[in-house]
2 protein chains.
Amino acid sequence: MSDTGAPPVDKLTISDTIPQSDFSQRVPIRTILTRPDGGAALSGQTLKVGGWVKKGREQGKGTFAFIELNDGSCQANLQLIIYADVAPLGQVVATGTCLHVEGVLQMPPEDKQGKQAIELKVVKILEIGSVDPSKYPLPKTRLTLEFLRDYVHLRPRTNTIAAIARIRNALAYATHTFFQKHGFLYVHTPIITTSDCEGAGEMFQVTTLINEAEKIEKELIKNPPPSQEDVDLAKTDVKGKGEIVAKLKSDKAGKPEIMAAAFLTVSGQLQVETFACALSSVYTFGPTFRAENSHTSRHLAEFWMVEPEIAFADIEDDMKCAEAYVRFLCQWLLDNCLDDMEFMVEKFDKNAIKRLQMVSSTNFVRLSYTEAVTILEEAVSKGHKFENKVEWGIDLASEHEKYLTEVKFESPVIVYNYPKGIKSFYMKLNPDKKTVAAMDVLVPKVGELIGGSQREENYEVLKERILEMGLPLEPYEWYLDLRRYGTVKHSGFGLGFERMILFATGIDNIRDVIPFPRYPGRADL
Amino acid sequence: MSDTGAPPVDKLTISDTIPQSDFSQRVPIRTILTRPDGGAALSGQTLKVGGWVKKGREQGKGTFAFIELNDGSCQANLQLIIYADVAPLGQVVATGTCLHVEGVLQMPPEDKQGKQAIELKVVKILEIGSVDPSKYPLPKTRLTLEFLRDYVHLRPRTNTIAAIARIRNALAYATHTFFQKHGFLYVHTPIITTSDCEGAGEMFQVTTLINEAEKIEKELIKNPPPSQEDVDLAKTDVKGKGEIVAKLKSDKAGKPEIMAAAFLTVSGQLQVETFACALSSVYTFGPTFRAENSHTSRHLAEFWMVEPEIAFADIEDDMKCAEAYVRFLCQWLLDNCLDDMEFMVEKFDKNAIKRLQMVSSTNFVRLSYTEAVTILEEAVSKGHKFENKVEWGIDLASEHEKYLTEVKFESPVIVYNYPKGIKSFYMKLNPDKKTVAAMDVLVPKVGELIGGSQREENYEVLKERILEMGLPLEPYEWYLDLRRYGTVKHSGFGLGFERMILFATGIDNIRDVIPFPRYPGRADL
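Residues numbered from 1 in each chain as written. Chains lettered and ligands numbered in written order. Predicted model: local features only at pLDDT ≥ 70, side-chain atom pairs only at ≥ 80, totals over all residues. Heavy atoms only, no water.

S.K.: How should the overall build of chain A be read in this particular structure?
M.R.: Counting secondary structure elements, chain A contains 16 helices and 16 strands. Sorting the 525 residues of chain A into buried and exposed places 59% on the buried side. Sequence-distant contacts, at least 24 apart, represent 67% of the contacts inside chain A between residues at least 6 apart. Just so you have it, chain A exposes about 21,100 Å², and 51% of that area is on carbon and sulfur atoms. (Helix = DSSP H or I, 4+ residues; strand = E, 2+ residues; numbered from the N terminus. Buried < 20%, exposed > 50% of the residue type's maximum accessible area, 1.4 Å probe, protein only. Contact = heavy atoms within 4.5 Å. Areas by Shrake-Rupley, 256 points an atom, 1.4 Å probe, with all protein chains shown as cover.)

Put into structure tokens, the structure is as follows:
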């Protein structure tokens, strides 16, 4: 370039002015604080920011206040300086206060430079959403995750829940990006279903009958018939045991009028197979449900699953896809969420980033179930103690999975070809007739992260497997149709989305990695 | 470049070899047929493809067959030529047959060039998934959409349902891309809920009690007590009207043990507001439910909604965001789904592409509800007939919305500031005390596509509005907390995802634009 006084090229890469958000009256704090120059080039600019006070303190005998403001766009807070002639300081310093302000960016005094990022000298308060500190439930900065579960509507304002929300968002977008990049189509499988994926698993029932019964009761109370006996009689007629159960049953059999006795899905797999058998590469990503009365740190009644399904793919392709997907997710977090991951390392799990780096850069170990059992038996013979007995045919317990991935290999492990007796009817029977082409991806910290299989595409074998499992054929006729007409070799897997977040963040309880946890006794909001 | 014999630059932009899918044993047909050179540079390459036969016919007295193969990766079919020495032709020509083959790409004979794309001469059949044409439910090429609703598991194999699936996928990914690009975080709001967003609307109930009752019944049948009378007595005790209703009610009041008497969500808005009041810009995209007994072409019991929520944003910002989002979706389809859109134009709606072009390039008309009513009244005074009476205070009917967007302005229209009496309690009361800061986006073909509002952020006003609507305060205490502690000006909207697909494709019935439609009487699969 010629001597025109233009800024040097490296300066040009940083915009000197900063645009307001397109649809809100603020500049996100992230765009100020995450610039390569630490924001220095912005010094002197006037702009609007908004957010919630993390910490505030009056200084200089009440002449001004320092405030740490967070707007959720990143982990870091922007420091505000507010003088007493701009706002009554007592109103702006309380934790939880919402501030919408206009100010001028300035670098901190020279003695603090390097230690402290750019700060905003407030010139005008646009709006204050105040807080009564004596009533605010989250005034303290360190609260236990367990305590926060009683305040699901306010907990996103804490550093931890906000960081998890950003990591969860990043993993969801990474999921779509990965599958779209590889030509998969996103299919919305149904939530209300009349199919039961596994022929097992407790399902929630969906009904409108209870509404109906309550409506009739209200009606009767409003317009009472001649005598109380008549009311009782009428109620019995509508809501008595026989009526309700009989109606549910007949509805179930003969396609219900408003879907009484339908269920909440436990998996979108069987349904998404119908699209794989037409569009070749598809995936579903949605909520799934279990009505189990489980009170553990690993179970939710409502959780999200990612389930790709691939035509013209066998178990090898399936393992390749699962490995590529998990490694992509890990690399994505390292590329896009490093500040939040550093926070998790500092507060919860010093190995969280190391784990992501290891998984994103390591070829997953692959071994057959039979090899896995041999390794576990060797461990036992060398004195390793497991609570659950090891022998060919068992379902691997969590302790076995952790031994393989954390102790033996210190790496992600894919175990494949499981005994057919412990796996679902739709998994492809291997030529040995003893095992099926199933695979589980095991990772340190959470154990099983993914379960998948090649699907049985042979009509006769599939039908036999359904009967062998003691399941009725009728509900699976549509599934058998996929094998009856133009059957195709295909494979797929399911990733428990919350498990992936537990793995990434190092958080221990699954109730803390989903925005609104549902578990026995709790469905807040 | 020097004379090294390197191909000219314009040739270099097209790869001469074509990679197989990463996770399946095929080259997607899209990557062969949608190249700028029409595939010419690929001539002579050997590769594998897989798909389903659309049409097949034996030729040359049974010496070879032409087959149109589709793998769902695009609307177009790849033509295969299979000679009788490669496969028994009778087995490969039936519509619906799945073929996985290896072959050599070749340009068609010179007299057909320009009319016909590159074709594949099959050298090896890898797998055949055959079809008995006398039994296959979809042998014909033109079937009505209504007929196909009885075959939701097979209908993705038809051109129309496949095109809609690709358009739906594109709109879903465009949605994530738009909001991520603008710094919004994706939040998974709950499906099972104890809140009722509107204080209205029929909700499905979720229960495990019916399971419990059935379990006990089975138990009694297996181990019968001494006499039949005892059985009846025991059953009555468990399942009688009083027991069931009383249990549901007590569970509802005192946080249910397994969430009996919880509901399926009608909207994620109230819950996602908790995240907007912490992370500033968020959105949710998930299934929502209505238990209404509606048998129309516009209603589903289960459908998907996109709901952004923006802090530090007023109704103006909200309209700006809604307009930008809808225009982005339209442009995305023009950029990414033109072949499928051309199919829709040919088969269903000759204006479909024009409509997308118009919306993507037009500034939306904005007018207040009061102005809208004046325009409608003027129309009436000039002799236009509406079925529903026009006067200030009415909820605009579909015919009114269509008049504004299709007749009066021939453009998308945003109507804002509706009478408070016809809108929800959470919408911000305007200074006139008569209207609220609500807005609806109206588009040709479907009418209302988006409904949104600035939310009431004033604690006292919101509380009063809840009471005014005759709603109880207790269930909304958490929602009031958002205004009690650090309240913030915020706005949001909801887009009915299926409505957007109806708008884009010109399809008339909503049951055809969702993979697995749920409506009264039907929850297939």
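S.K.: Just to check I follow, could you spell out the relation of the copies chain B and chain A for this structure?
M.R.: The operation linking the two copies of the chain is a rotation about an axis combined with a translation along the axis. In the superposition of chain B on chain A (RMSD 0.0 Å, axial shift 0.0 Å), the rotation amounts to 180°. Put plainly, the chains are arranged around a two-fold axis. (Least-squares fit on C-alpha atoms with pLDDT ≥ 70 in both.)

S.K.: What's the story with helix α16 (residues 497–505) of chain A in this structure? I'm lost.
M.R.: Count 3.6 residues to each turn of an α-helix, and residues three or four apart come out pointing the same way. Summarising burial for α16 of chain A: eight of the nine residues are buried, a large majority. All of the buried residues along α16 of chain A are F497, E498, M500, I501, L502, F503, A504 and T505 of chain A.

S.K.: What is the right way to look at the pattern of salt bridges in this model?
M.R.: For side chains of opposite charge, pairing can occur when their charged atoms come near one another. All names here are of chain A. For the coordinates displayed, the defined rule picks out 48 salt bridges over all chains. Salt-bridge contacts for R366 lead to E323; the nearest nitrogen and oxygen are separated by 3.6 Å. Taken together, the residues span a long stretch of sequence, with R366 in strand β12 (residues 365–368) and E323 in helix α9 (residues 315–336) at a distance of 43 residues. Accessibility expressed as a relative area gives 8% for E323, which makes it buried. Its salt-bridge partner being R465, residue E468 comes within 3.3 Å of it at the nearest N-O pair. With E468 and R465 both in helix α14 (residues 459–468) and three residues apart, this pair spans about one turn of that helix. When its relative accessible area of 3% is taken as the criterion, R465 is described as buried. (Salt bridge = Lys/Arg side-chain N within 4 Å of Asp/Glu carboxyl O.)

S.K.: Looking at this structure, how should I read the sheet that holds strand β11 (residues 302–311) of chain B?
M.R.: Hydrogen bonds between backbone atoms are what pair the strands of a sheet, whose relative direction is either parallel or antiparallel. Residues and elements named next belong to chain B. Read from one edge to the other, the open sheet built from eight strands follows the order β6-β10-β11-β16-β15-β14-β13-β12, with strand pairing classed as mixed. Across the chains shown, the open sheet's two edge strands, defined by having one partner strand only, are β6 (185–186) and β12 (365–368). Of the strand pairs in this sheet, strand β14 (residues 435–443) and strand β15 (residues 447–454) are connected by six bridges, and their pairing is antiparallel. Its bridge partner being in β15, D440 is matched across the sheet by G451. (Pairing = 2+ DSSP bridges.)

S.K.: Where do I start with the packing of aromatic side chains in this structure?
M.R.: Each aromatic ring pair is characterised by the separation of its centres together with the angle its planes make. Scanning the model with the defined rule gives 53 aromatic pairs over all chains in all. For the ring pair F516 of chain A and F275 of chain B, a centre distance of 5.8 Å and an interplane angle of 65° mean the geometry is edge-to-face. Separated into two different chains, F516 of chain A in the segment after α16 and F275 of chain B in helix α9 (residues 269–279) make up a pair that spans both. Note on accessibility: F516 of chain A and F275 of chain B belong to one class, buried. Relative to Y479 of chain B, the ring of W478 of chain B lies with its centre 5.7 Å away and its plane at 75°, an arrangement referred to as edge-to-face. (Phe/Tyr/Trp six-rings, centres within 6.5 Å; stacked < 30°, edge-to-face > 60°.)

S.K.: What exactly am I supposed to notice about the domain arrangement of chain A here?
M.R.: Put simply, an interface is often sized by how much accessible area is lost when its parts join up. All names here are of chain A. Considered domain by domain, chain A is made up of domain 1 (29–136), domain 2 (161–204 + 263–512) and domain 3 (209–259). Using C-alpha coordinates to define each centre, domain 1 is positioned 45 Å away from domain 2. Both faces combined, the contact of domain 1 with domain 2 buries some 360 Å², and carbon together with sulfur accounts for 42% of it. When the area that domain 1 buries against domain 2 is broken down by residue, the three leading residues are G72, C74 and Q75, summing to 91%. Taken together, domain 1 and domain 2 are joined by two residue pairs in polar contact (both at pLDDT 80 or more). For the side of domain 1 that touches domain 2, a count of residues per class yields one nonpolar, three polar and no charged. (Domains from an automatic or database assignment. Buried area = accessible area lost by both parts, 1.4 Å probe. Polar contact = N/O pair within 3.5 Å; in protein donor to acceptor, adjacent residues only side chain to side chain. Nonpolar A, V, L, I, M, F, W, Y, C, P; charged D, E, K, R; others polar.)

S.K.: For this particular structure, what's the right way to read the confidence of the model for chain A?
M.R.: In low-pLDDT segments, the atomic positions of the prediction should not be examined closely. Residue and element names in this part refer to chain A. Of the residues in chain A, 84% reach a pLDDT of 70 or more, and the chain-wide mean stands at 88. Segment residues 1–14 is flagged for pLDDT under 50; beyond a separation of four residues in sequence, or across chains, it makes six contacts in the model. Low pLDDT (under 50) marks residues 233–258, which in the prediction has 50 contacts with non-local residues, meaning those over four places away or in another chain. For this predicted complex, the interface score ipTM comes out at 0.90, while the overall pTM is 0.90. (pLDDT = per-residue confidence, 0-100.)

S.K.: So what exactly am I meant to see when it comes to the interface of chain B and chain A here?
M.R.: If you look at the interface, chain B gives 127 residues, while chain A gives 127 residues. Carbon and sulfur atoms supply 62% of the area that chain B and chain A bury against each other, a total of about 11,000 Å² over both sides. A salt bridge links E127 of chain A to K489 of chain B, with the shortest nitrogen-to-oxygen separation between them at 3.7 Å. At the junction of chain B and chain A, the tally comes to 49 residue pairs in polar contact (both at pLDDT 80 or more). In terms of residues, the side of chain B that touches chain A owes the most to one element, helix α5 (residues 159–181) of chain B, which gives eleven residues. A class-by-class count of the residues in the side of chain B that touches chain A yields 59 nonpolar, 37 polar and 31 charged.

S.K.: Could you clarify how one ought to interpret unusual backbone geometry in this entry?
M.R.: A negative phi angle characterises most non-glycine residues, just as the trans form characterises most peptide bonds. Positive phi outside glycine occurs at K445 of chain A, with the angle close to 80°. Located in the positive-phi region is K61 of chain B, a residue other than glycine, with phi close to 55°. Tracing the chain through its elements places K61 of chain B in the loop between β1 (46–59) and β2 (64–70). Accessibility expressed as a relative area gives 87% for K61 of chain B, which makes it exposed.

S.K.: Please explain the pairing of strand β13 (residues 413–419) of chain B as it appears in this structure.
M.R.: Note on strand geometry: in a regular strand, side chains alternate between the two faces of the sheet. All names here are of chain B. Burial within β13 is extensive, with five of its seven residues counted as buried. Pairing geometry for β12 and β13, over four bridges, is parallel. Bridging across to β13, V365 finds its partner in V413. Of the pairings in the sheet, the one linking β13 to β14 comprises six bridges and is antiparallel in character. Bridge pairing in β14 links V415 to D440.

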